[in-house]
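Summary of the model geometry
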Amino acid sequence: MPQVLSFLQLSAGPVPVEQLLDLLEQRVIELRTERCEIPYGPQPEPVPEPEAADAPLAPLLDWALRALASVGALTYGDGQATLTPLGNWAVWVKLEQICVAAQSPAGNIEVAAEEMLRGCAQLRPNAARAEYRAWLAARPVGSAVTDLLGAARGDDALLRGLAFEALRVVGAPAEPDVRSVADEPTLRPYALLWLAEHDGIDPEDAHEVLTREEATWLWVDTAAAVADHGEAPMLVRHLESALQPTVPQLLDEVRAVGHPRTVQVLVALAAAHPDPALAKAVRRAAFQVHTGG
């Protein structure tokens, strides 16, 4: 049927149903040849000719054309079918999606959301966005958003951030789903930032929608991503992005937010920081969190 619809679109006018049936029969024969559909076992009678074997396609084509006509995609009658403006638009949209999907630079369009995000982790931002667009073009937007949010709920903080970058590429269609997860503690800071940017707030100012506690939780989550996938100097530089003016104040608030990766983040930060006194204070804070102090 994709070939039939493309043929109707290229014809830009009425097409006899007999011509469509001939096109459909040829395509079925091509597919059967490509798949090598050879009957197994003894063949007491000769294999029917393609015309006879494909005779059931006529009622199937009639059913498909009537279904498309019922939703306004084409007009069907007097032995002819013609795409409507709605049908032409739908074919163009699908062709555009196919073209976008074909431009996948890293070849991740057929994999699951989590694997796609991991594949984009090493790409530059523009290349990653191109990959997100290609991956999204190859699947229904609803299921794509669901899969991205599922990946964001996992243990890997890096994938959480990348999932919401991909959701920024989705844009408005993702808003209801993003809004629905804003009450989930793990996703709340990311969802609030996404919604703020979607509502027109400058990305540099979007962090103002977060409470101090939410911003601190996000700092720990981002630090976990750096600790897992980055280098030690990156983790040390991450200190500069904290809202708290001093390290002791940051440690107090980090302990209070209860992020599940707090101990690992503090241990990694202590190991990476070149200042022995600061590293000692961070290790002490990690020990206190570990022991419940």
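Our subject is the structure that appears above.
To keep things clear, this report deals only with the structure shown in the data block. Within every chain, residues take consecutive numbers counted from 1 along the sequence as written. Local features in this predicted model are restricted to residues of pLDDT 70 or higher, and side-chain atom pairs are both shown and tallied only at a pLDDT of 80 or more, whereas totals for entire chains, interfaces and linings draw on every residue. In computing side-chain properties, one takes all heavy atoms of the structure into account and sets aside hydrogens as well as water.

1. Here we look at a negative patch on the surface
For clarity, the cut-off: A residue counts toward a patch only above 30% relative accessible area and without a salt bridge, and it is joined to like-charged neighbours within 9 Å or, for Val, Leu, Ile, Met, Phe, Trp and Tyr, to nonpolar neighbours within 5 Å. Computed by Shrake-Rupley with a 1.4 Å probe, the accessible areas treat only the displayed protein chains as cover when residues are assessed. What counts as a salt bridge is simple: a side-chain nitrogen of Lys or Arg found within 4 Å of a carboxyl oxygen of Asp or Glu. For the purpose of counting charges, residues Lys and Arg are taken to be positive, whereas Asp and Glu are taken to be negative. His and the chain ends are not included. A charged residue contributes its charge at one atom only: NZ of Lys, CZ of Arg, CG of Asp or CD of Glu. Numbering goes from the N terminus for both helices and strands, where a helix is a DSSP run of H or I of at least four residues and a strand is a run of E of at least two.
Negative charge collects at one region of the surface, where D202, E204, D205 and E208 lie side by side. Along the chain, E204 falls in the loop between α11 (188–198) and α12 (212–229).

2. Regarding helix α4 (residues 57–70)
Which entries qualify depends on this criterion: Expected helix span is taken as 1.5 Å per residue step, with the number of steps being one fewer than the number of residues. For every residue, the accessible area (1.4 Å probe, protein chains only) is compared with the maximum for its type, and the residue is labelled buried under 20%, exposed over 50%, or partly exposed between those bounds. In this description, one arc is meant: the one made by directions from the helix axis to the C-beta atoms. Contact criterion: two residues are considered in contact whenever any of their non-hydrogen atoms come within 4.5 Å of each other.
Between its first and last C-alpha atoms α4 spans 20 Å; for 14 residues at 1.5 Å apiece the expected length is 20 Å, and the two agree. Looking at α4, one finds that the buried residues are L57, L61, A64, L65 and L68. One side of α4 holds all its buried residues, which, seen down the axis, span an arc of 95°. Across α4 from its buried face, at more than 90 degrees, point the exposed residues P59, W63, R66 and S70. Considering only its buried residues, α4 is in contact with α1 (2–11), α2 (17–34), β2 (74–77) and β3 (80–83). Downstream of α4 by a residue or two, G72 has a phi angle that is positive, lying close to 85°.

3. Remarks on the nonpolar core
Note the threshold: Throughout this description, the term nonpolar core refers to a set of buried Ala, Val, Leu, Ile, Met, Phe, Trp, Tyr and Cys residues connected via side-chain atoms within 4.5 Å.
In this structure, L117, L148, F164, L167 and W219 are the most contacted members of the largest nonpolar core, which totals 61 residues. Per-element tally for this core: the top contributor is α12, with nine residues. Excluding its chain neighbours within four sequence positions, the residues that come into contact with L167 are V145, L148, L149, A174, V178 and W194. Judged by nonpolar contacts, the second largest core, of 17 residues, contains V4, V17, L21 and V91.

4. What about the pattern of salt bridges?
The tally for this structure, following the rule as stated, stands at 14 salt bridges. The salt bridge involving R66 is made with D62; its shortest N-O contact spans 3.0 Å. Taken as a pair, R66 and D62 lie in helix α4 at a separation of four residues, close to a single helical turn. Overall, R66 belongs to the exposed group, its relative accessible area being 52%. Between R168 and E197 there is a salt bridge; the shortest N-O distance is 2.8 Å. In this pair, R168 sits in helix α9 (residues 157–170) while E197 sits in helix α11, placing the two residues 29 residues apart along the sequence.

5. Brief notes about the packing of α12 against helix α15 (residues 262–272)
We count it as follows: In this analysis, axes come from line fits to C-alpha atoms, helices being fitted only over the stretch in contact, and the angle between any two N-to-C directions falls in the range 0 to 180 degrees. Working definition: roughly parallel below 35 degrees, roughly antiparallel above 145 degrees, roughly perpendicular at 65 to 115 degrees, and oblique for all remaining angles. We call a crossing left-handed when the near helix sits turned anticlockwise from the far one by less than a right angle, and right-handed when that turn is clockwise. Basically, the charged four are Asp, Glu, Lys and Arg, the nonpolar ten are Ala, Val, Leu, Ile, Met, Phe, Trp, Tyr, Cys and Pro, and anything else, Gly included, counts as polar.
Packing of α12 against α15 brings their axes to within 9 Å, and their N-to-C directions diverge by 60°. As judged from the angle between their axes, α12 and α15 are oblique. Regarding α12 and α15, the two cross each other, and that crossing is left-handed. Counted together, W219, V220, A223, A224 and A227 of α12 and T262, V265, A268 and L269 of α15 form the full contact between these two elements. For the contact of α12 with α15, the per-class residue count stands at eight nonpolar, one polar and no charged.

6. Overview of α2
For α2, built from 18 residues, the straight-helix expectation of 26 Å at 1.5 Å per residue is met to within 8% by its first-to-last C-alpha distance of 26 Å. Among the residues of α2, those classed as buried are V17, L20, L21, L24, E25 and V28. Here the buried residues of α2 occupy an arc of 135° about the axis, which is enough to place them on one side. Turned more than 90 degrees off the buried face of α2, the exposed positions are T33 and E34. For α2, the secondary structure elements touched by its buried residues are α1, β1 (15–16), α4, β2 and β3.

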